[in-house]
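In case you want the letters, here they are:
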Amino acid sequence: MRIRSNRVVLPTGIAPRTVVIEAGRIVAVEPSGVADFDYGDLVLMPGLVDSHVHVNEPGRTEWEGFATATRAAAFGGVTTIVDMPLNSIPPTTSVAALETKRLHARGDVSIELWGGVIPGNTAELLPMLERGARGFKCFLVHSGVDEFPNVDEAQLYEAARELAPTGAPLLVHAELAEHLHEPQSGDYASYLASRPQQAENAAIELLLRVARETGAWIHIVHLSSASALPIIREARKEGLRITCETTPHYLHFTAELVPDGRTEYKCAPPIREAANREALWEGLRDGVIDLIVSDHSPCTPELKRGGFDEAWGGIASLQFVLPVVWTEAQRRGFTIEDVARWCCAKTAELARLARKGTIEVGRDADFVVWAPEESFLVSETLVQHRHKLTPYLGEVLSGLVKAVWVRGHTIRTQ
C-alpha cells in the first residue's frame, strides 16, 4: 500500500512524500512515486496519541465506553488512546483489574492502559508493568470517586522509589488539599477561587522534591497554573526528570467567558483567566510544557446538573483535540509541526510507545489526513461521544479531518 501527499509531516519537517506500508507498518518513505491513495495538498500527519483519556468501562459505561470513545477518537484523528485507571469499576490498580480492563478495551483505534497508584498497592506495580501498563497515575487530592483514593506524601515517595529503576512515568494530579476550600456558592467565580493556582504550585514543589530524592520520572497531568512554569523550568535546569502536559480547554477557554450555569465547563483544576491562558501558550513555546492531551472526562448529563459547587468536574473533548489546538496555535504563529510534536510524538514518548507518534520507517501506519484551512461548526449531530454535552458545542474550529488510518487500514474517510 502506498499513500502520498504534498504535505507529509515528518520529524524533519513537511515535504511531499510517498509512504509505503506493509503489514500495518511503514517500510519506506520515498520522495515521489505512484500511490494507491493520493491526498494532494491535504496534510498527512501521524495519528494523534491521546495519553489522557477516561473511558470509564467497565463499571461506568453509561458515562462513556470503549465503543463510543474510540469512534469519537477516530473522528478527531486520534489513532491511539491511553486509558486512565479511573473511573472504571474496578479501577486499574491491580493485575486482576488490568486484565479485566483489557477484556473490554476494544474499538476503532489502538488502546493502551495506565495503571493506578493508591494506598497499599505498591506490590502490584511491577507486575502490572510486566503485563503492559504504560506507567501509573495517582492523585494528591480526592479523585472524585471513592474506589480510587489519593496517596499521601509517604505513599507518593514509596511509589516513586518502586518505579524509579523501571523508567516508567508516575503521573500525578498535582493539587494539595490544604490550599483548597469549598466553593461559597454555585457560580463559576466561587468555584475558581476554591482551587487557586497555589494548590497546584505547592503540589509541584512537592513533586520536585520526590524526583530529586528518588530519581523517578514524574509527569504533571493537566497543568492549568501558569505561575508554576518558572518552578518547572528551574527543575529542568537542575536535571530532574519532570515533564508536564496541558489540555485544549486551558488553551482555548477563559474564566472570564465561562457562561453562568454551564457546568459542562467544570473541571479540576479549573479553567483560569485569559492572562493565564496566554502564559500557558508561552510555556509551550519555550518547551516547559511538553505535550497536549484531552483529559477527556465525560459523565452522564444528570451528573452535570446543579451549580459549579455540585456538578461532576470533567470536560468531554476527545474528538476535538486537533482542531481546538490548531485553531488556537495558528493564531499565535505556531505550525503544524508544533501540533504534531505536542499531540503525537511527545504523547507517544510519555506512554513509551516506540512504534507510535511519527512517520518513520518501522513505525505503525497510523495517520490523520486533514485540511488545516477548512473550518466547521461543532454541532450535536457531529459529536460522537456517548453524550453530546461538551463546552465546544457551537464553536467554529479550524482543521477538518478527512481520513484516518490505523495500522495500515483506513477506518474513516469523509
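Engineer: Provide a residue-level description of the overall build of the protein, including the pertinent values.
Structural biologist: Tallying secondary structure elements over the protein gives eleven helices and 17 strands in all. If one aligns the C-alpha atoms of the protein with their principal axes, the spans along those axes are about 60 × 45 × 45 Å. Counting across all 414 residues of the protein, residues that qualify as buried make up 62%. The contacts of the protein with a sequence gap of at least 6 include a subset with a gap of at least 24, amounting to 73%. Carbon and sulfur atoms form 50% of the exposed surface of the protein, whose accessible area is close to 14800 Å².

Engineer: Can you lay out helix α10 (residues 321–331) for me, pointing to particular residues and giving the numbers?
Structural biologist: For α10, the buried fraction is high: nine of the eleven residues fall into the buried class. Of all the residues in α10, the buried ones are Val321, Leu322, Pro323, Val324, Val325, Trp326, Thr327, Glu328 and Ala329.

Engineer: Break down the pairing of strand β6 (residues 48–53) for me, citing the residues and quoting the values.
Structural biologist: Remember that side chains alternate between the two faces of the sheet whenever the strand is regular. Taken across its six residues, β6 has six buried, putting it largely inside the fold. Handedness of the β-α-β unit built from β6, helix α1 (residues 66–75) and strand β7 (residues 78–83) comes out right-handed.

Engineer: So what's going on with the pattern of salt bridges? Which residues, and what values?
Structural biologist: For the structure on display, the rule yields 25 salt bridges. Across the pair Asp290 and Arg236 runs a salt bridge, and its minimum N-O distance is 2.6 Å. Placement of the pair is Asp290 in the loop between α9 (274–285) and β14 (291–292) and Arg236 in helix α7 (residues 229–238), with a sequence separation of 54 residues. For Asp290, a relative accessible area of 14% translates into the label buried. Measuring nitrogen to oxygen at the nearest pair gives 3.2 Å for the salt bridge that ties Glu374 to Lys402. Taken together, the positions of Glu374 in strand β15 (residues 367–377) and Lys402 in strand β16 (residues 396–406) put the pair 28 residues apart, joining distant regions of the chain.

Engineer: So what's going on with α9? Residues and values would help.
Structural biologist: Here α9 spans 17 Å end to end across twelve residues, near enough to the 16 Å set by a 1.5 Å rise per residue. Burial in α9 covers these residues: Asn276, Arg277, Leu280, Trp281, Gly283 and Leu284. Down the axis of α9, the sector holding all buried residues measures 155 degrees, keeping them to one side. Looking one or two residues past α9, Gly287 carries a phi angle of roughly 85 degrees, positive in sign.

Engineer: Explain the sheet that holds strand β11 (residues 169–173) to me, using residue names and the numbers behind them.
Structural biologist: Here we have six strands laid out as an open sheet, ordered β9-β10-β11-β12-β13-β14, and parallel in their pairing. The two strands at the open ends of the sheet, each matched to only one other strand, are β9 (115–116) and β14. The pairing of strand β10 (residues 136–139) with β11 spans four bridges and is parallel. Paired with Phe139 across the bridge in β11 is His173.

Engineer: Please provide a residue-by-residue account of the environment of Ala28, values included.
Structural biologist: Checked against the element boundaries, Ala28 lands in strand β3 (residues 25–30). In this structure, the C-alpha to C-alpha distance between Ala28 and Thr18, residues ten residues apart in sequence, is 8.2 Å. Leaving out residues up to four positions away in the same chain, Ala28 has contacts with Thr18, Val19, Val20 and Val361.

Engineer: Describe the packing of aromatic side chains, and please don't skip the residues or the numbers.
Structural biologist: This structure, assessed with the given rule, holds 14 aromatic pairs. Measuring from centroid to centroid gives 5.9 Å for Phe139 and Phe148, while their planes differ by 75 degrees, and the two rings are edge-to-face. By relative accessible area, which is 5% here, Phe139 ends up buried. Residue classification places Phe148 among the buried positions, given a relative accessible area of 0%. With 5.0 Å between their ring centres and 70 degrees between their planes, Phe253 and Tyr265 make a pair best called edge-to-face. Linking Phe253 in the loop between α8 (248–252) and α9 with Tyr265 in the loop between α8 and α9, this pair joins segments that are twelve residues apart in sequence. Chaining the aromatic ring pairs together yields one cluster made of Phe253, Tyr265, Phe320 and Tyr392. One cation-aromatic arrangement involves Arg60 over Trp63; the distance from NZ or CZ to the ring centre is 5.2 Å. The side chain of Arg241 reaches across the aromatic face of Trp217, ending 3.9 Å from its centre.

How each quantity is defined
- Residues numbered from 1 in each chain as written.
- Predicted model: local features only at pLDDT ≥ 70, side-chain atom pairs only at ≥ 80, totals over all residues.
- Heavy atoms only, no water.
- Helix = DSSP H or I, 4+ residues; strand = E, 2+ residues; numbered from the N terminus.
- Buried < 20%, exposed > 50% of the residue type's maximum accessible area, 1.4 Å probe, protein only.
- Contact = heavy atoms within 4.5 Å.
- Areas by Shrake-Rupley, 256 points an atom, 1.4 Å probe, with all protein chains shown as cover.
- Right-handed = clockwise from strand over helix to strand, strands pointing away.
- Salt bridge = Lys/Arg side-chain N within 4 Å of Asp/Glu carboxyl O.
- Expected span 1.5 Å × (residues − 1).
- Arc of directions from axis to C-beta.
- Pairing = 2+ DSSP bridges.
- Phe/Tyr/Trp six-rings, centres within 6.5 Å; stacked < 30°, edge-to-face > 60°.
- Lys NZ or Arg CZ within 6 Å of the ring centre and 35° of its normal.

Read these as geometric descriptors, not functional statements.
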